[in-house]
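Structural features, examined
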Amino acid sequence: MQIDKDTVAKIAHLARLEVTEQESQELVGDMNKILDFMAKLNEVNTDNVEPLVYMTNEVNVLREDVVRQEITHEEALSNAPEEDGKHFLVAKVIERK
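This section reports on the structure supplied with the text. (Residues numbered from 1 in each chain as written. Predicted model: local features only at pLDDT ≥ 70, side-chain atom pairs only at ≥ 80, totals over all residues. Heavy atoms only, no water.)

Scanning the protein from N- to C-terminus turns up three helices and zero strands. Its helices and strands taken in sequence order, the protein reads α-α-α from the N to the C terminus. Expected size for 97 residues packed as a compact globule is a radius of gyration near 13 Å; at 23 Å, the protein overshoots this value by more than 25%. Expressed as lengths along the three principal axes of its C-alpha atoms, the size of the protein is roughly 60 × 45 × 35 Å. Buried residues in the protein amount to 8% of all 97 residues. Put simply, 28% of the contacts in the protein that link residues at least 6 apart link residues at least 24 apart. With an accessible surface of roughly 10100 Å², the protein has 53% of that area assigned to carbon and sulfur atoms. Separation of charge centres in the protein, based on 11 positive and 21 negative side chains, amounts to 6 Å. (Helix = DSSP H or I, 4+ residues; strand = E, 2+ residues; numbered from the N terminus. Rg over C-alpha atoms; globule rule 2.2 N^0.38 Å. Buried < 20%, exposed > 50% of the residue type's maximum accessible area, 1.4 Å probe, protein only. Contact = heavy atoms within 4.5 Å. Areas by Shrake-Rupley, 256 points an atom, 1.4 Å probe, with all protein chains shown as cover. Lys, Arg positive; Asp, Glu negative; His and termini not counted. Charge placed at Lys NZ, Arg CZ, Asp CG, Glu CD.)

Structural data, given as structure tokens:
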């Protein structure tokens, strides 16, 4: 698979990114290098290799989840670009059929 400018444009659109012509050219090269590297990895014989679940033997140490600072509903809404007095208002991205 090869990445071209159209593919970069489609990915940029899906990610809602604005990409200049120069950035698009650079991304084509970078993405093709990534795909070439992945193809190279597919050449490695992994028949006798056990799947790796964790990178280390370290155990996750979790802390207790404690609320440290509470803000009021009004304080939270004061940071919203748009609100209706009760809720944050956001752009509709999914349409019902």
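The next subject is a nonpolar patch on the surface. On the surface, Ile34, Phe37, Met38, Leu41 and Val44 cluster together into a nonpolar patch covering about 490 Å² of accessible area. Take leucine 41: it is sitting in helix 2 (residues 21–42). Owing to a relative accessible area of 40%, leucine 41 belongs among the partly exposed residues under this scheme. (Patch = residues over 30% accessible without salt bridge, like charges linked within 9 Å, V, L, I, M, F, W, Y side chains within 5 Å. Salt bridge = Lys/Arg side-chain N within 4 Å of Asp/Glu carboxyl O.)

Attention now goes to the packing of helix 1 (residues 5–14) against helix 2. Helix-helix packing is described using two parameters, namely the angle between the two axes and the distance between the axes. Axis separation between helix 1 and helix 2 bottoms out at 9 Å; the angle between their running directions is 105°. Viewed along their axes, helix 1 and helix 2 adopt a mutual orientation that is roughly perpendicular. Contacts between helix 1 and helix 2 involve Lys5, Val8 and Ile11 on the former and, on the latter, Glu21, Ser24, Gln25, Leu27, Val28 and Met31. Looking at the contact of helix 1 with helix 2 residue by residue, the classes come out as five nonpolar, two polar and two charged. (Axes fitted to C-alpha atoms, helices over the stretch in contact; angles between N-to-C directions. Parallel < 35°, antiparallel > 145°, perpendicular 65-115°, else oblique. Nonpolar A, V, L, I, M, F, W, Y, C, P; charged D, E, K, R; others polar.)

Let's shift gears to the pattern of salt bridges. Throughout the structure, instances matching the rule amount to two salt bridges. With a shortest N-O distance of 2.5 Å, glutamate 21 and lysine 5 are connected by a salt bridge. Taken together, the residues glutamate 21 in helix 2 and lysine 5 in helix 1 connect sequence positions 16 residues apart. Note on lysine 5: relative accessible area 36%, which makes it partly exposed. A salt bridge links glutamate 43 to lysine 40; the nearest nitrogen and oxygen atoms lie 3.8 Å apart. The exposure class of glutamate 43 is exposed, given its relative accessible area of 60%.

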